[in-house]
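Here is how the chains run, residue by residue.
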Amino acid sequence: MTQLNQRVLAIPKSLIHDPFWSEYIRLVRKVVVPYQWEALNDRVPEAEPSHAITNFKIAAGEAQGEFYGMVFQDSDVAKWLEAVAYLLETQSDPDLEQIADEVIEIIAKAQQPDGYLNTYFTLKEPGNRWTNLAECHELYCAGHMIEAGVAYYQATGKRVLLDVVCRFADYIDTVFGNEPGQLQGYDGHQEIELALMKLYHATGEDKYLRLSSYFLEQRGAKPDFYEDQWEKRGKTTHFPQLTMTFDHAYSQAHLPVREQDTAEGHAVRLVYMCTAMADLAAETGDPGLLEACRKLWSNIVNKRMYITGGIGSMEHGESFTMDYDLPGDTAYAETCASIGLIFFAQRMLRISPDSKVADVMERALYNTVVSGMSQDGKKFFYVNPLEVYPAAHGKNRIYDHVKPERQGWFGCACCPPNIARLLASLGDYVYTMQDGTVYVQLYIGSELNTEVNGKLIKLEQHSKYTSDGEVNFRIRTEEALRFTLALRMPDWCDRVEVTVGGEWHEFKQGDQDGYIRLNRVWEPGEEINVVFSMPVLRMKAHPLVRQTFGKVALQRGPFVYCLEEADNGAELYQLKLPRNSTFEVKRDDRIHEGLNVIHVNGERWMAAENWQEHLYRSDSNWIMESTQLKFIPYFTWANRGLGEMSVWVEEALPI
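Predicted model, so just to flag it, every value in this text is computed and none were measured. The numbers attached to residues start from 1 for each chain and follow its sequence in the written order. In keeping with the predicted nature of the model, local features appear solely for residues at pLDDT of at least 70, side-chain atom pairs appear and are counted solely at 80 or more, and the whole-chain, interface and lining totals rest on all residues. Hydrogens and waters are ignored; side-chain quantities use all the structure's heavy atoms.

**Student:** What exactly am I supposed to notice about the pairing of strand β14 (residues 551-556) here?
**Tutor:** On a regular strand, each side chain points to the face opposite its neighbour's, so the side chains alternate between the two faces of the sheet. Each residue is assigned to one of three classes by its accessible area relative to the maximum for its type, calculated with a 1.4 Å probe on protein chains only: buried under 20%, partly exposed between the two thresholds, exposed over 50%. In DSSP terms, a helix is any run of H or I states spanning at least four residues, a strand is any run of E spanning at least two, and both are numbered starting from the N terminus. Within β14, five of the six residues are buried, which leaves it mostly tucked inside the rest of the structure. The sheet contact formed by β14 and strand β21 (residues 649-652) spans two bridges and is antiparallel. Within β21, the position partnered with Val552 by the bridge is Val649. Note that β14 and strand β15 (residues 559-564) share two bridges and pair antiparallel. The residue of β15 that forms the bridge with Arg556 is Phe559. Between β14 and the antiparallel strand that follows it, β15, lie two residues; Gly557 among them carries a positive phi value of about 60 degrees. Should DSSP find at least two bridges between two strands, the strands are taken to pair.

Encoded structure:
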């Protein structure tokens, strides 16, 4: 196979020390992971029961009882373990490691003699393995456990869980394939594909790469695998409210992956699939697979993504709908989907540097993902709407999926552990490297120890990016060394000041791929000071987005802003933002320490007459009152009690 690029970008790990993100990582370590451990053990009274740890104990012969929970309940434990692994990789924690080791021993005992590992089918339907791949998430759960096994081995050097998942993957390799007696199919929820690529990278075993490729290439093949299994099992379904067997686009099985060019179906499934496709394309240099990735990426971010980096417009199927259909009040925008979009972006950046890809990664991270967790780390959003009217909730059923306040836990608890594992591994997303160039993809305070042109370097990044747009780099080397430091030019920035070697430079754009490349011989201890302009931007959506036509959203730096009832009163729909208003940016530590809010003169439009019992009338007029509007970063909403929220506001045109 022809190589696209013999030198794909490496993804080096960095250690986070950042005024914004370190607090979230501390919360993951001190609050989220311990809280989730309690939830997994059913020790949080206000949270829905999980039973996930108990399921493994029963399967391991260490407890009595029956399976309880969703068919994919095992995955919550796997994602928790993966988050623990990333935390242990950056900081020793003997007590946490001991808990994880004990869980891993239980998992190892739950594994069946042939290598199979799934508590639902071991305990509840032992004779029905692999009979309902469309709905029952067997390979999805396997994939998450594989990711946990790889992460824990890389963090601790301990092989117990890695050996478990290798045995499981080896068994899966005997079950699926084109040989007589094997299943020629794939899972209804993509995950195993990207996990097998991680297992391949960790072990160097080509069979895992081949198996990942097999699952991807099999998707969309005819005759349809899901329908064949449905016939063979007596036409039964696991989720009768969904038509997973026959709605092939729901799980991206409507076409072979190379022929798909629009984002269809369940949003998380799609971006997990794309992550694996991009990883495989980077490894093999397959041009057709890369082209499919680029088409799907383009459709997602140019026609089907919310301004917050959320994806998935519709509650039914947690799915995409069509181009430019982006309703704010009924948005699904699952937290997991934006996390998957970040995974996809990271793999695309491994293939080639592209600031626009990193811009999307930043947008999703600073808005939807971090919005998915409360500022105390104890409550979570599954769904991330862009407009909320709490009075309608519980009455208008189209809003049943939208929660105006973050929840303690969920029966389907995929998002909280997904947030934990992403934030715990955030150091993997800051930089990429290729051909003696260090690319800065995210401006997050961090320490990178790596090798450039055969020499060890330490790159220290000190960041006030989120508050002031200021970043400082210090290069630690034993001797003078030539290499290139490539700084991403954010899409929201119109001017960058760079001071290096005592010389000041101004940039209004990056190179063709969006980076400011500083190629020089770096002296030990040399510093680079960077200042990004942070104008308040009046963002508009494409004119075909019906729901936002005539409206604007505010953005400053990486943050999208919103109006909240706590600052602006109720009936936010009555507010308008004049086109010629000027903005005042103020720090407000009450909203979030170190961050800014935006004040601006606005308008509130109301009825001039008392309408009493009238529902409609022809003799009324609207009146306008001037008012002061306050916009807060979107991710901070719903931390001050129940109230309305809106990202988009109608723009008032001059008369």
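**Student:** Mind showing me how you'd approach the sheet that holds strand β9 (residues 496-500) here?
**Tutor:** Strands belonging to one sheet form pairs held by backbone hydrogen bonds; the direction of such a pair is parallel or antiparallel. Pairing within the open sheet is antiparallel, and its seven strands lie in the order β1-β5-β6-β7-β12-β9-β10. The outermost strands of the open sheet, each flanked by one partner alone, are β1 (14-16) and β10 (503-507). Between one strand axis and the next, the sheet turns by 15 degrees as a mean value, whatever way the strands run. Angles here are taken between N-to-C directions and fall from 0 to 180 degrees, while the axes themselves are lines fitted to C-alpha atoms, restricted in helices to the stretch in contact.

**Student:** Can you help me understand the side chain of Gln346 in this one?
**Tutor:** Relative to the helices and strands, Gln346 resides in helix α13 (residues 335-351). For the purposes of these results, a polar contact is taken to be a pair of N or O atoms within 3.5 Å, where, inside protein, one atom must be able to donate a hydrogen and its partner to accept one; residues adjacent in sequence count only when each atom of the pair is a side-chain atom. Of the polar contacts made by the side chain of Gln346, one reaches the backbone oxygen of Asp428; its length is 3.1 Å. Apart from residues no more than four positions distant in its own chain, Gln346 is found in contact with Ile11, Met361, Asp428 and Tyr429. Contacts are residue-level and defined by heavy atoms, with any inter-residue pair within 4.5 Å sufficient.

**Student:** Just checking my understanding: could you explain helix α10 (residues 225-232) for this structure?
**Tutor:** Helical geometry note: an α-helix holds 3.6 residues per turn, so side chains three or four residues apart project in the same direction. Looking only at α10, the buried set comprises Phe225, Tyr226, Gln229 and Trp230. Looking straight down α10, one finds its buried side chains confined to an arc of 135 degrees; they lie on one side. Two or three places before Tyr226, at the start of α10, stands the capping residue Asp224, its side-chain oxygen 3.1 Å from that residue's backbone nitrogen. The directions from the helix axis to the C-beta atoms are what the arc is built from.

**Student:** What should I look at first to understand the side chain of Arg304 in this one?
**Tutor:** By secondary structure assignment, the location of Arg304 is in the loop between α12 (287-303) and α13. Among the polar contacts made by the side chain of Arg304, one reaches the main-chain carbonyl oxygen of Ala263 at a distance of 2.4 Å. The contact partners of Arg304, leaving out residues within four places of it in the chain, are Thr262, Ala263, Glu264, Asn299, Ile311, Phe320, Thr321, Met322, Asp323 and Leu326.

**Student:** For this particular structure, what's the right way to read the environment of Ala110?
**Tutor:** Residue placement: Ala110 occurs in helix α4 (residues 94-110). Sequence separation between Ala110 and Tyr443 is 333 residues; the distance between their C-alpha atoms is 43 Å.

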